[in-house]
Amino acid sequence: MNLKTHLSCSLILLSIFQLGWAGKHISDNDLWSHVVTIDRLAWQEREDIKKVNKQVDDQDFVRRIYLDITGKIPTYEQTTSFLKSKNIQKRSLLIEELLDTPGYVSHYSNFWLDLLRAPYQNSEDDFHKEFNRYIEKSLAENKSYDAIVKELMTAEGKVQENQAIGFYMRDRETGTMDTLNATVRAFLGTRLGCAQCHNHRFDKWTQREFYESAAFFHGVSYKRTYGNDDLRIIRTHLDALLKNDPLAASLSPYAKVLFLPSRSQVNYDPNKKLTYPEIYRYDDAKPNEIVKEKIVFGYGDEKVEGKDRREVFANWMTSKNNPMFARIMANRLWKRIMGVALLDPLDDWKDNIVIQNPYLFEALGDIFSKLNYNFKSFLSVIFNSEAYQLGIDLKNEFKEEDYKLQGSLFKRMSAAQLNDSLLTLQYGNLDRFSKLDPQYFEYEDKLNLLTLEYQVKIIPLTTSFIVKNTVNSKEIDPKILEIMSSYAEKIKALEDYYHIDKNGYINKSGMSIVKNNNSKNDKSSDMMNTDSMMAENYSGKAVLRSNYHGSDFMDVFGSTDRSAPDTNVEMRATMKQILKLINSPECLNVVRNDSYLMQECSKLDKLTDKVSYLYYAIYGRAPTKKDFNIAVNFFEVSNKQSDWEKYVIALINSPEFYFIK
Amino acid sequence: MISSLKNINDELTRRRVMQGIAAMTLGLNASWPNIQAGYSSSSRKKKVVRVFLPGGISHMDSFDPKPQTPELMGNTKVIKTNTGEEISSYFPNMAKNMDKIALIRSMVSPDADHYLARYLMETSYRALGTIKHPSFGAWMQKLNGVQNNTLPPIVNIRSQFGAGYLGTSYDPFIVNNPKDALKGLIMEHPESKDNQRFLQLMADVRKDFHNEYRFKGVEDYRQYYNDSIKLMFSKDLEAFDLSKEDKTSAKKFDIPHGDNFLLARRLLQADVQYISMEIGGWDDHYDLWDEENYPKKANDLDRALATFFEDLALHGLLDSTVVTVNSEFGRTPKISARKGRDHYHKAFFGIMAGAGVKAGTIYGKTDDQASSVESPVSPSDFNATLATLVGIDVNKEIYSPDNRPFTIARGGTPIKALMA
């Protein structure tokens, strides 16, 4: 053991003995024993590395951990309170705290939705909103990885009955073979796709094996529970209703959407059997012969029980006898956090693949499995590890291909992190806009039940309306209006019961309250009164900020197009990104008069205080003498509000803002 | 909008501004990515304009009417063209310009679904849930390089098809409103005193960081920052400014859809090599012949297209540009109960015009019911023909990041009869 190793282990042992550590997400013993495992294996990898970087300092740690857990920079208050704290365990405590925030749910929901290729939310009458909520709820409840995967793979029914059907609906235009490909890729880290049409050129998968796998999902069908003509009629009647019924008109916009409920439905028929295609050209099966489903992956127990084929497949996949399941996800999370995966590419496992540190790769999977696929526990281990907490060294730049955990990679923020960080500057702590209080989920469940009843009553009426009139008729059927009216009353009663305001927020005693663990340190939570209005202002109905693609800002910064997991994530610089940083509404919003950043800054009088505030809020550090000089020279010429706007835009444009130290 | 340096009469001021630019940049000079040195043939220097008509425009009521089968014609009449043919009477202006274009009457597609059929037309590949294929423009940029150093090589007017697996450097510049193309993207009046002070601040604030953190990722941002400053001061940007167009000429384009085509022509003159636009609303399942519906839409399209072709001819741009007009499929010859036509993928039309295209021809035909074709042309064949016209070898394979091979037209056959 060299000196470095010795020191490192000592530090770890020291922390263990300091304790009284009672982690919520993971026991004391588990946490530190797993951390030691990881760090020991990391040190083995560094054996022939000459220089290993030091641990990141507090200033860089706080910014980095907020970005990696909650997907956004800390506010001025969050930064300074962490830096001031003298608690020797403050890093571990902060990790625990942040894993319980809405920010965590949002950031990792984006991870899941990217992985599942969930299309960006755009239409009101489809399955996207419910699917997003399903993922959010699962993460808020810290549902285990295997439970989520099983629920996704066995989902069926109307979207109001089972929000997880989005998993299948996503491929309604092209079919379940695409879902099968994507599932195997996402959760087993290998690609069957090419074998769909021919035996795989570069690997061992045959077309027969593709079909044997595809047979598990065959039998899934997609339905729209009512047609475009019904929609048109409902819309005409809805217009009339909103004009004449003040109660209906007073409902929140979120509720008004429910008069046109989502029509999506997934059915599963186990009796539908897949057959080999007519032009099947190999000897190992006959064209049009029925395909017998089979687990082709050669590991785990092939005989698995279940009620339907999808359940059989899911049970096998998530079983602890199938170590790849844990390893592939552990590797994905490792890549997301550390910047480089242990197994690369993430999802193209071939038999001759070379893994740089196979022991660490396996150990991570084993840890995840031992923790019963608990995300928060697992993430806790990674964030507390020394490997994660190493910093960058200006004199020790290494390329990605030479990366051996000798320090952290100097990465740019992802598009989602950049988007949310800009919003944080504009609005303060975004967590207070989330809708993760269990009451929201309760309210939405009841709303879904109501909606199902409404659908069942109204569709026969619209159907008979079509028979009597043309589709474009402006006639009004009083029976349809009556159903809508009584539905409106029931929604209103629900909204009253849960104190939902017109922006869809729970409003108790005049202030909207959203539980968030940072509120004791966070002055921005004093802005509660206007939270609801602000929320409407910035997100409309979208709760997941980064999931809402209202503009191409995130595409320009390289967010995935969700055609496949992690596809087209382009982290390199482009000219358009530069132009966006200077001129886009997303950046200009940060310097609006009413922006949180500008308001807080204007409360300070001295130039040096203002500059200090801005540097902490934007870069997470104090300004240097040179920084002060630049400011003094600039504001000497003119010191108006518009000059401060320019100053903030200039600060945001430096890569120091959007790179992570 | 953007004021031109031409308007600054003071030469000294102009020189000071140009010097100022150098100070505002951060050192390195660079150019737009993927420049390829030299072109071996003039074909590769051609430009392409693709007009897409989403919805599935009715072929019978546009370029393939069947007066011999009156029960299929609805209210549509025919008009004689200047090449001795007959097209729908809703296209009188195009009837006077048929000598400039090649018309294909035998397009076929396997799909009657809007999304799948359009995707196939744009990329030559079937849509799959697990990959995004690049647009024709992205292919052109990849294989033919870039013609203009400052302006984006691919401009989409509303169309969303992009680089797919080729990555964001091949993504289009998207214009949503041709009258205000650069809104939210380019600083107005960068040469003003105020903005110069601002740009100086921008450079100062980040100088130390760039000097300390010389990591590759950060250096790339420095390079593009410099390029952006250059772009903001570049005269080439005027191409996007429709108000700079000469008044008489601009008047011609003061018609529905006119600004799309005016912008396209200005961009062509500035050496933007691929412009794609969509003009929608053709999905007429019912009430097709209502005056405010198809007849109006068709007339508007007719005027706009004809104006564009005439304008291109006037400026000599037909010699160096290939223009295509496509829809994803046609519409049923049999008129539906709702007085419209439904999707029909077994016969529809396509148009090709310009450099290297045999003008004034008609390729392929349909039967008297406009329902089956002779000499079928698939989207792959169409795109293969276009590829050949711009000097791209249809057999050239490129590899996606996960090592799968692709060709520009997925095995389509270029149609020699369409090439001059």
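Each value, and the rule that gives it
Residue numbers here run from 1 along each chain, matching the order of that chain's written sequence. Lettering for chains starts from A, numbering for ligands starts from 1, and both go in the order in which the items are written. The predicted origin of the model limits local features to residues at a pLDDT of at least 70 and limits the giving and counting of side-chain atom pairs to 80 or more, whereas totals for whole chains, interfaces and linings rest on all residues. Side-chain metrics rest on all non-hydrogen atoms present in the structure, leaving aside hydrogens and water. A run of H or I in DSSP counts as a helix once it spans at least four residues, and a run of E counts as a strand once it spans at least two, with each numbered from the N terminus. To sort residues, take the accessible area from a 1.4 Å probe on protein chains only and compare it with the maximum for the residue type: under 20% means buried, over 50% means exposed, and anything in between is partly exposed. The contact definition used throughout considers only heavy atoms, calling two residues in contact when any of these lie within 4.5 Å. Residue burial considers only the protein chains on display, and all accessible areas are found by Shrake-Rupley using a 1.4 Å probe. Between the rings of Phe, Tyr and Trp (Trp by its six-membered ring), a pair exists once the centres lie within 6.5 Å; its type follows the angle of the planes, with under 30 degrees stacked, over 60 edge-to-face, and the other angles tilted. Placement of a positive charge over a ring is assigned whenever Lys NZ or Arg CZ falls within 6 Å of the ring centre and within 35 degrees of the normal to the ring plane. Following DSSP output, two strands are said to pair if at least two bridges run between them. Grid spacing is 1 Å over the protein atoms alone, the probe is 1.4 Å, and a cavity is where that probe fits but cannot get out, while a pocket is an open set with protein on both sides within 12 Å along at least five of seven lines and lining residues have an atom within 4 Å of a point. Grid points are joined across faces, edges and corners, and a volume is the space filled by probe spheres set on the points. Note on residue categories: nonpolar means Ala, Val, Leu, Ile, Met, Phe, Trp, Tyr, Cys or Pro, charged means Asp, Glu, Lys or Arg, and polar means any other residue, Gly included. A simple way to read buried area is as the amount of 1.4 Å-probe accessible surface that goes missing from two parts once joined, with both sides added. Within this document, salt bridges are pairs made up of a side-chain nitrogen of Lys or Arg and a carboxyl oxygen of Asp or Glu, the two lying within 4 Å of each other. In the analysis that follows, any N or O atom pair within 3.5 Å is treated as a polar contact, provided that within protein one partner can donate a hydrogen and the other can accept it, and provided that, for residues neighboring in sequence, both atoms belong to side chains. Geometry is summarised by axes, namely lines fitted to C-alpha atoms with helices restricted to the contacting stretch, and by angles between N-to-C directions that run from 0 to 180 degrees. Bear in mind that the domain bounds are from an automatic or database domain assignment. Grouping buried Ala, Val, Leu, Ile, Met, Phe, Trp, Tyr and Cys residues that are joined through side-chain atoms within 4.5 Å yields what is termed a nonpolar core.

### Description of the overall build of chain B
Working step 1: What chain B contains, in helices and strands, is 10 helices and 16 strands.
Working step 2: Per-residue burial over chain B gives 60% buried out of 420 residues.
Working step 3: Put simply, of all contacts in chain B between residues at least 6 apart along the chain, 73% involve residues at least 24 apart.
Working step 4: In the form shown here, chain B has an accessible surface area of approximately 16300 Å², with 49% of it arising from carbon and sulfur atoms.

### Thoughts on the packing of aromatic side chains
Working step 1: Under the defined criterion, the tally for this structure stands at 65 aromatic pairs over all chains.
Working step 2: Judged by centre distance (4.1 Å) and plane angle (10°), the rings of Tyr454(A) and Tyr487(A) are stacked. Highlighted residues: Tyr454(A) in helix H21 (residues 438–468) and Tyr487(A) in helix H22 (residues 478–497), separated in sequence by 33 residues.
Working step 3: A centroid spacing of 6.3 Å and a plane angle of 50° characterise the contact between Phe308(B) and Phe309(B), whose relative ring orientation is tilted. A single burial state applies to Phe308(B) and to Phe309(B), both of which are buried.
Working step 4: A network of ring pairs unites the aromatic residues Trp112(A), Tyr145(A), Phe187(A), Phe325(A), Phe368(A), Tyr373(A), Phe375(A) and Phe378(A) as a single cluster.
Working step 5: We note Lys320(A) situated over the ring of Tyr373(A); from NZ or CZ to the ring centre the distance is 5.9 Å.
Working step 6: Sitting above the plane of the Tyr108(A) ring, Arg336(A) keeps its charged end 5.2 Å from the centroid.

### Quick look at the pairing of strand S7 (residues 274–278) of chain B
All names here are of chain B.
Working step 1: Taken across its five residues, S7 has five buried, putting it largely inside the fold.
Working step 2: For strand S1 (residues 47–53) and S7, the ladder comprises five bridges, and the chain directions are parallel. Bridge assignment links Arg50 to a residue of S7, and that residue is Ser276.
Working step 3: Relative to S7, strand S5 (residues 154–157) runs parallel, the two sharing four bridges. Each bridged residue has a counterpart across the sheet, and for Asn156 the counterpart in S7 is Ser276.

### So, the pairing of strand S3 (residues 264–268) of chain A
Residue and element names in this part refer to chain A.
Working step 1: Most of S3 sits out of view: four of its five residues are buried.
Working step 2: Where strand S1 (residues 157–158) lies against S3, two bridges are found, and the strand directions are antiparallel. By the bridge assignment, Gly157 is partnered in S3 with Val266.
Working step 3: Where strand S2 (residues 220–224) and S3 come together, five bridges link them in antiparallel fashion. Paired with Val220 across the two strands is Tyr268, which belongs to S3.

### Observations concerning empty space enclosed by the protein
Residues and elements named next belong to chain A.
Working step 1: The final tally for this structure, using the stated rule, is 12 cavities of 30 Å³ or more.
Working step 2: What the second largest cavity holds in volume is close to 120 Å³.
Working step 3: Forming the boundary of the second largest cavity are 13 residues, of which Arg64, Ile337, Met338, Ser408 and Lys411 lie nearest the centre.
Working step 4: Looking at the lining of the second largest cavity, the elements that each hand over two or more residues are helix H3 (58–70), helix H16 (323–338) and helix H19 (386–389).
Working step 5: A class-by-class count of the residues in the lining of the second largest cavity yields eight nonpolar, two polar and three charged.

### Some details on the interface of chain B and chain A
Working step 1: With 54 residues of chain B at the contact, the number on the chain A side is 60 residues.
Working step 2: Between chain B and chain A the total buried area reaches about 4900 Å² when both faces are included, carbon and sulfur atoms providing 65% of it.
Working step 3: At the junction of chain B and chain A, the tally comes to two salt bridges.
Working step 4: Ionic pairing is found between Lys626(A) and Asp208(B), a salt bridge with its closest N-O pair at 3.0 Å.
Working step 5: Linking chain B to chain A there are eight residue pairs in polar contact (both at pLDDT 80 or more).
Working step 6: It is helix H5 (residues 193–212) of chain B that contributes the most residues to the side of chain B that touches chain A, 12 residues altogether.
Working step 7: Residues that form the side of chain B that touches chain A fall into these classes: 28 nonpolar, 11 polar and 15 charged.

### Notes on the sheet that holds strand S8 (residues 321–327) of chain B
Residues and elements named next belong to chain B.
Working step 1: Reading across the sheet, the eight strands line up as S6-S5-S7-S1-S8-S11-S4-S12 and stay open at both edges, with mixed pairing between neighbours. Every other strand in the sheet has two partners, leaving strand S6 (173–175) and strand S12 (361–363) as the edge strands with one partner each. The sheet shows a mean angle of 15° between the axes of neighbouring strands, taken without regard to direction.
Working step 2: Across the sheet, helix H3 (residues 114–123) touches S1, strand S4 (101–107), S7 and S8, and the angle it forms with S1 is around 170°.

### Focus on the sheet that holds S2(A)
Working step 1: A sheet is described by the order of its strands in space; here three strands give the open sequence S1-S3-S2 (chain A), paired in antiparallel fashion. Each of the sheet's edge strands pairs with one partner strand only, and the pair in question is S1 and S2 of chain A.

### Here we look at the pattern of salt bridges
All names here are of chain B.
Working step 1: The tally for this structure, following the rule as stated, stands at 47 salt bridges over all chains.
Working step 2: Of the charged contacts in the structure, one is a salt bridge between Asp259 and Lys179, with a shortest N-O distance of 2.9 Å. Residue Asp259 is found in helix H8 (residues 258–269), and its partner Lys179 is found in the loop between S6 and H5; the two are separated by 80 residues along the sequence.
Working step 3: Asp311 is the salt-bridge partner of Lys252, the closest N and O atoms lying 2.9 Å from each other. In this pair, Lys252 sits in helix H7 (residues 247–252) while Asp311 sits in helix H9 (residues 294–314), placing the two residues 59 residues apart along the sequence.
Working step 4: Classification of Lys252 as partly exposed rests on a relative accessible area of 33%.
Working step 5: Salt bridges sharing partners connect three or more residues here, namely Glu245, Lys252, Arg265, Arg266 and Asp311.

### Looking at the domain arrangement of chain B
Residue and element names in this part refer to chain B.
Working step 1: Parsing chain B into structural domains produces domain 1 (1–30 + 191–232) and domain 2 (35–189 + 236–418).
Working step 2: For domain 1 and domain 2, the distance between their C-alpha centroids amounts to 38 Å.
Working step 3: In this complex, domain 1 contributes 11 residues to the contact, which on the side of domain 2 involves 12 residues.
Working step 4: Where domain 1 abuts domain 2, roughly 1300 Å² becomes buried across the two surfaces, and 66% of that area is made up of carbon and sulfur atoms.
Working step 5: Our count for the domain 1 to domain 2 interface comes out at three residue pairs in polar contact (both at pLDDT 80 or more).
Working step 6: The set of elements that each furnish at least two residues to the side of domain 1 that touches domain 2 consists of H5 and helix H6 (216–232).
Working step 7: For the side of domain 1 that touches domain 2, the element with the most residues is H5, which contributes three residues.

### A look at the side chain of Ser109(B)
Residues and elements named next belong to chain B.
Working step 1: Of note, Ser109 is situated in the loop between S4 and H3.
Working step 2: A distance of 3.4 Å separates a polar side-chain atom of Ser109 from the backbone nitrogen of Asp111.
Working step 3: Not counting the four nearest positions on each side in its chain, Ser109 is found in contact with Ala117, Leu120, Glu328, His345, Phe348 and Pro379.

### Remarks on the nonpolar core
Working step 1: Ranked by size, the top nonpolar core spans 122 residues in total, and within it Tyr647(A), Phe657(A), Phe91(B) and Phe240(B) carry the most contacts.
Working step 2: Broken down by element, the residue count for this core peaks at nine residues, all from H9(B).
Working step 3: The two domains that each donate at least three residues to this core are domain 1 (1–30 + 191–232) and domain 2 (35–189 + 236–418) of chain B.
Working step 4: Sequence-distant contacts of Phe91(B), defined by excluding residues within four places in its chain, comprise Ile57(B), Asp61(B), Ser62(B), Phe63(B), Tyr294(B), Ala298(B), Leu301(B) and Asp302(B).
Working step 5: Tyr108(A), Tyr268(A), Phe375(A) and Leu409(A) belong to the second largest nonpolar core, which has 111 residues in total.

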